Each structure stands twice: as structure tokens, then as C-alpha cells.
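# Reading the structure
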Amino acid sequence: MTNPYFDLKDRPLRPPGHAHSEHAPGRQLPIVLAVAAGGGLGAVARYAVERAWVTSGTAFPWPILTVNAVGCTVMGALMTVLTARFPQAKKLAGALLGTGFLGGFTTFSHYENGVRELFHAHAPGTAVAYLLLTVVAALAGVTLGVFAARAVVGTPAHQEASRGH
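Quick caveat: nothing in here was measured; it's all calculated off a predicted structure.

### Re the overall build of the protein chain
A count of helices and strands for the protein chain gives six helices and zero strands. Mapped in sequence order, the helices and strands of the protein chain form the string α-α-α-α-α-α. Evaluated residue by residue, the protein chain yields a buried proportion of 28% over its 165 residues. Partitioning the intrachain contacts of the protein chain with sequence separation of at least 6 by distance along the chain shows that 66% fall at a separation of at least 24. Of the roughly 10500 Å² of accessible surface on the protein chain, 69% is carried by carbon and sulfur atoms.

Structure, rendered in C-alpha cells:
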């Protein structure tokens, strides 16, 4: 079987729909820097929340649950607002604030580690509650963020146009 992404001379071809200008060499540096700067700031913000709201042992890990739920809510609102009102700034602003800051602020690895620690501390009920509640809170947060942003800024024009078809 041949690879559809390579031609006969083994040069990579772009898959259909991936002929974006940001794939050109040198165009990624501003995005990478934005993600790095935002990610660092987001991680510091999460650390500050953890230091201000300390839990230990088998206590329910409310700080990380809250960070993940709030981060998901803000992500839903942010991407909706950027798409609806600032599409020309979406790539860089999304990289800085979404992938960067909110990606550094929210944490799957810390969440997973908290679940593991609760099981090891013989608190399986708390572990399962944390496991399930985080997923529900994150999904509800994204949905709430999208709907709240749409109530304020409206539905993005490209989505509004696709409804008529």
C-alpha cells in the first residue's frame, strides 16, 4: 500500500485542505513563542491557585477541579468570541490565550495524578467522584462558555450561513 501523502520521489505532499500559509517555513515562530509565553503564564496562574487553596491527603481536590472547569469555560467563550468577532486575530490570539495560557492553566496530568493518589490513599469513592465530576464539569464548562459568548456576541457568520443549507 502506498502512502497518499508522498509522491513517487518521497516528497511530502499536503493532504487536501492543508495548504495553509502557516505551514510555510518561518511562519510558525510567532505561534510557537505565543504558545510558550501563554503556557508559562498559565502554569504560574495554576500554581498560584494551588498555593492559595491547599488540599492534601484524601481531601477532595477542589482546586484542580475548579481550574479545569474554569479553564474549559473560558476556552469555550474565548474561541467563540475570536471566531465571531476577531477572525483575523484568531490564530495568534488563540495560540497565546487558548493553547498557551489556558493549556498551561488547565491540567490533565495533575488531574490524573490526583485520581491515582486518591486510589493509593484508599479513598476510591473520592477518586471516582473526582474522575467523573472533572469530566462533567469540563464538558459543561465548554458548553456554557460557548453559549454565554454567543449570547453576547452572536453566532459566527460562517456557522449562521451553514444553517441555511
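### Things to note about the pattern of salt bridges
Per the counting criterion, the structure on display carries one salt bridge. For Arg-46, the salt bridge identified is with Glu-50, shortest N-O distance 3.8 Å. Of the two residues, Arg-46 and Glu-50 are both situated in helix H1 (residues 29-52); the distance of four residues between them amounts to about one turn of the helix. No difference in accessibility class separates Arg-46 from Glu-50, as the two residues are buried.

### Brief notes about the nonpolar core
Counting residues in hydrophobic clusters, the biggest one holds nine residues: Phe-60, Ile-64, Leu-65, Tyr-111, Val-115, Leu-118, Ala-123, Ala-127 and Tyr-130. For this core, the secondary-structure elements that each account for two or more residues are helix H2 (62-85), helix H4 (108-120) and helix H5 (124-153). Top contributing element to this core by residue count: H4, with three residues. Those residues in contact with Ile-64 that sit more than four places away from it in its chain are Arg-46, Glu-50, Thr-107, His-110, Tyr-111 and Tyr-130.

### Details of the packing of H2 against helix H3 (residues 90-105)
For the pair H2 and H3, interaxial distance at closest approach is 10 Å and the crossing angle is 175°. Classified by the interaxial angle, the pair formed by H2 and H3 is roughly antiparallel. Here Val-67, Gly-71, Val-74, Met-75, Leu-78, Met-79, Leu-82 and Thr-83 of H2 lie close against H3, whose contacting residues are Lys-90, Ala-93, Gly-94, Leu-97, Gly-98, Thr-99, Leu-102 and Phe-105. Residue composition of the contact of H2 with H3, grouped by class: ten nonpolar, five polar and one charged.

### Here we look at the packing of H2 against H5
Axis separation between H2 and H5 bottoms out at 7 Å; the angle between their running directions is 30°. As far as their axial angle goes, H5 and H2 are roughly parallel. Handedness of the H2/H5 crossing: right-handed. The class makeup of the residues in the contact of H2 with H5 is 17 nonpolar, seven polar and two charged.

### Points about the environment of Met-79
Within the fold, Met-79 resides in helix H2. Residue Met-79 is classed as partly exposed on the basis of its relative accessible area, which comes to 25%. Separated by 63 residues in sequence, Met-79 and Val-142 place their C-alpha atoms 10.0 Å apart. Here Met-79 is in contact with Lys-90 and Gly-94, once residues within four sequence places are set aside.

### Some words on H1
Taking 1.5 Å per residue as the helical rise, H1 with its 24 residues ought to reach 34 Å, and the 35 Å between its terminal C-alpha atoms agrees with that figure. Among all positions in H1, only Ile-31, Ala-34, Gly-38, Gly-39, Gly-42, Arg-46 and Glu-50 are buried. Buried positions along H1 lie against H2, H3 and H4.

### Focus: the environment of Met-75
Checked against the element boundaries, Met-75 lands in helix H2. Looking at Met-75, the relative accessible area reads 26%, which means it is partly exposed. Met-75 sits 71 residues away from Val-146 along the chain, and the two C-alpha atoms are 8.4 Å apart. For Met-75, the contacting residues outside a window of four places in its chain are Gly-98, Thr-99 and Leu-102.

So, how was this worked out
- Residues numbered from 1 in each chain as written.
- Predicted model: local features only at pLDDT ≥ 70, side-chain atom pairs only at ≥ 80, totals over all residues.
- Heavy atoms only, no water.
- Helix = DSSP H or I, 4+ residues; strand = E, 2+ residues; numbered from the N terminus.
- Buried < 20%, exposed > 50% of the residue type's maximum accessible area, 1.4 Å probe, protein only.
- Contact = heavy atoms within 4.5 Å.
- Areas by Shrake-Rupley, 256 points an atom, 1.4 Å probe, with all protein chains shown as cover.
- Salt bridge = Lys/Arg side-chain N within 4 Å of Asp/Glu carboxyl O.
- Core = buried A, V, L, I, M, F, W, Y, C linked by side-chain atoms within 4.5 Å.
- Axes fitted to C-alpha atoms, helices over the stretch in contact; angles between N-to-C directions.
- Parallel < 35°, antiparallel > 145°, perpendicular 65-115°, else oblique.
- Nonpolar A, V, L, I, M, F, W, Y, C, P; charged D, E, K, R; others polar.
- Left-handed = near helix turned anticlockwise from the far one by under 90°.
- Expected span 1.5 Å × (residues − 1).

So, to be careful, I would describe these as geometric facts and stop short of saying anything about function.
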